[in-house]
Amino acid sequence: MEKGAKADIHQPTQTLGRPSPSFRLRSESLNALRLRRVFDLFDHNGDGEITVEELALALDRLGLGTSPDELRPTVAAYIPPGRAGLAFEEFEALHRDLGDSLFGASDAIGETHGEGEEDMREAFRVFDEDGDGFISASELQAVLVKLGLVEGRSIVRVQEMICSVDQDSDGRVDFGEFKHMMQGITVWGA
C-alpha cells in the first residue's frame, strides 16, 4: 500500500456488535499509552508486529470473536509489503482510521472532561465483572487471564497488584482508587 493511502474501512460486523464509545479515547497522551499497551498485549510473540492471526486471537479472548478471514481485508491494507504484520505505527493508523470511520473525525479541542470521566468509568467496568463497584483480585485475575498475561497465573501476584492501588486497605479497588491510579500514569515522551 502506498504511503498516505487509506484502506476501505467497512462497518463492524454483526458479531462485534455496536462499537464502544470509548473506542476513541479523549486524552491524546493516555490514548497513546493505552494503545501501546493494547499493541503489546496483542503482539503475542513479542516480535514488534501484530499479525492478523494475533489480532483475531486477542479479540477472541476479549469475547469479540472474529476470524482471521474476516479481519484480513481491512488489516492487510495497513501492512507494508514484505512485512508479516502491523508495527505500532500501522496499528495506530488502523485504530485512528477505524475511529474516524465509526465516529467521525476526532475533535479533541471540543471534547469535555465529562467524556474523559465516562471513558474511565467504562474502563473500570471492564474489570468490575460483577458490577458491584469494586475490582476484586479474582476479577482482575480473570481479565488478565483473558488477555493471556502471565500475571494472571498467580493469585498472589494479582493480590499484590490490588494492594499497590488499594488506598483504604479493603482488598478491593473502587472507582476512586482506579481513577487515581490511571491519573498517576506517566507517559514518557508525551
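Details of the structure are given in the entry above.
Computed from a predicted model, the values in this text were never measured in an experiment.

*Asks:* Could you give an account of unusual backbone geometry, with specific residues and numbers?
*Replies:* The general pattern is negative phi for most residues beyond glycine and trans for most peptide bonds. Residue Ser-169 is not a glycine yet carries a positive backbone phi of 55°. The residue Ser-169 is located in the loop between helix H7 (155-165) and strand E2 (173-174) in this model. Given the relative accessible area of 65%, Ser-169 is considered exposed.

*Asks:* Which residues make up the packing of helix H6 (residues 137-146) against H7, and what values go with them?
*Replies:* Here H6 crosses H7 at 115°, and the two axes come no closer than 9 Å. Here H6 is positioned roughly perpendicular relative to H7, judged by the angle of their axes. Taken as a pair, H6 and H7 cross one another with a handedness that is right-handed. Every residue of H7 that contacts H6 at Ala-137, Ser-138, Leu-140, Gln-141 and Leu-144 is listed here: Ile-155, Val-158, Gln-159, Met-161 and Ile-162. Looking at the contact of H6 with H7 residue by residue, the class counts come to seven nonpolar, three polar and no charged.

*Asks:* Explain the packing of aromatic side chains to me, using residue names and the numbers behind them.
*Replies:* By the definition in use, this model includes six aromatic pairs. Here the aromatic residues Phe-39, Phe-42, Phe-88 and Phe-91 are joined through ring pairs into a cluster of three or more. In this structure, Arg-36 packs its charged tip against the face of Phe-88, placed 4.8 Å from the ring centre. Its guanidinium or amino end placed over the ring of Phe-134, Arg-172 lies 3.5 Å from that ring's centre, counting from NZ or CZ.

Here is what the cut-offs are and how they apply
- Residues numbered from 1 in each chain as written.
- Predicted model: local features only at pLDDT ≥ 70, side-chain atom pairs only at ≥ 80, totals over all residues.
- Heavy atoms only, no water.
- Helix = DSSP H or I, 4+ residues; strand = E, 2+ residues; numbered from the N terminus.
- Buried < 20%, exposed > 50% of the residue type's maximum accessible area, 1.4 Å probe, protein only.
- Axes fitted to C-alpha atoms, helices over the stretch in contact; angles between N-to-C directions.
- Parallel < 35°, antiparallel > 145°, perpendicular 65-115°, else oblique.
- Left-handed = near helix turned anticlockwise from the far one by under 90°.
- Contact = heavy atoms within 4.5 Å.
- Nonpolar A, V, L, I, M, F, W, Y, C, P; charged D, E, K, R; others polar.
- Phe/Tyr/Trp six-rings, centres within 6.5 Å; stacked < 30°, edge-to-face > 60°.
- Lys NZ or Arg CZ within 6 Å of the ring centre and 35° of its normal.

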